[in-house]
Amino acid sequence: MLAAPEAQNPLLPELAEMVVGGFAFLFVLFFLGRILVPRIQKALAERTEAIEGGLKKAADAQEEAQRALQEYREQLAEARHEAARLREEAREQGAQIKAELREEAQAEARRLIEAAHAQIEADRQLAFAQLRTEIGRLSTDLASRIVGESLEDEARQRRIVDRFLEELETSSDAQAVR
């Protein structure tokens, strides 16, 4: 039989494997250290700048949005103030128009009342004149019958009627004073 080779420790590799493994490790370490790590750092730096730039842009956009919102609120407040002012002006104009219409209506009512009073006074004067003429005619007819003589003379008739009516007015005024 063959002699058994020396028993090797499974945890310790052979020297040739250690040398090849060491060179491979150094090659990978050199490759990673010189080529890949700078590229990875560059990519991370670019990514960081892009993120920071995006955050800066977002912050700027948010500030702009806040300014626009504040400006909008100011414009809205100004518009509300203007609307309130316009409503107040409209109320004042409405009140003024109402007052003018009321004055016009009152003036028209006064005019109508004055016209009615004038018409009533004219009708009263006309009725008084007609009544006076009728009383005069009836009085002369009655006086003619009582006296037995004709009172056809118009001037005379008028004087008698006027004197009679004056006496009536005087006596009615005297009774009203008592």
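Small disclaimer: the values here were computed from a predicted structure and weren't measured. (Residues numbered from 1 in each chain as written. Predicted model: local features only at pLDDT ≥ 70, side-chain atom pairs only at ≥ 80, totals over all residues. Heavy atoms only, no water.)

Enquirer: Quick one: what's the story with the overall build of the chain, residue by residue and with numbers?
Expert: Assigned secondary structure in the chain consists of two helices and zero strands. The proportion of buried residues among the 178 residues of the chain is 3%. Roughly 16,100 Å² of accessible area belongs to the chain as shown, and the carbon and sulfur atoms make up 60% of that amount. (Helix = DSSP H or I, 4+ residues; strand = E, 2+ residues; numbered from the N terminus. Buried < 20%, exposed > 50% of the residue type's maximum accessible area, 1.4 Å probe, protein only. Areas by Shrake-Rupley, 256 points an atom, 1.4 Å probe, with all protein chains shown as cover.)

Enquirer: Can you explain the pattern of salt bridges? Please cite residues and give values.
Expert: With the rule as written, the count across this model stands at seven salt bridges. Taking the shortest distance from any N to any O, the salt bridge between arginine 91 and glutamate 88 comes out at 3.1 Å. With arginine 91 and glutamate 88 both in helix α1 (residues 15–147) and three residues apart, this pair spans about one turn of that helix. Residue classification places arginine 91 among the exposed residues on the basis of a relative accessible area of 52%. Using a relative accessible area of 38% as the deciding quantity, one classes glutamate 88 as partly exposed. Arginine 124 is the partner of glutamate 121 in a salt bridge, and the nearest nitrogen-oxygen pair spans 2.9 Å. Of this pair, glutamate 121 and arginine 124 both sit in helix α1, separated by three residues, roughly a single helical turn. Classification of glutamate 121 by relative accessible area gives partly exposed; the value is 34%. (Salt bridge = Lys/Arg side-chain N within 4 Å of Asp/Glu carboxyl O.)

Enquirer: Account for the packing of aromatic side chains, with residues named and values stated.
Expert: Under the counting rule described, the total for this entry stands at one aromatic pair. Each ring, one from phenylalanine 27 and one from phenylalanine 31, has its centre 6.5 Å from the other, and the planes form 20°; the classification is stacked. Placement of both phenylalanine 27 and phenylalanine 31 in helix α1 is noted, with a separation of four residues, approximately one turn of the helix. Assessed through its relative accessible area of 56%, phenylalanine 27 is described here as exposed. (Phe/Tyr/Trp six-rings, centres within 6.5 Å; stacked < 30°, edge-to-face > 60°.)

Enquirer: Please provide a residue-by-residue account of a nonpolar patch on the surface, values included.
Expert: Nonpolar side chains collect at one region of the surface, where Leu15, Met18, Val19, Phe23, Phe25, Leu26 and Leu29 lie side by side and expose about 780 Å² of accessible area between them. Position of methionine 18 relative to the elements: it lies in helix α1. (Patch = residues over 30% accessible without salt bridge, like charges linked within 9 Å, V, L, I, M, F, W, Y side chains within 5 Å.)

The quantities given are spatial measurements derived from coordinates; they are silent on function.
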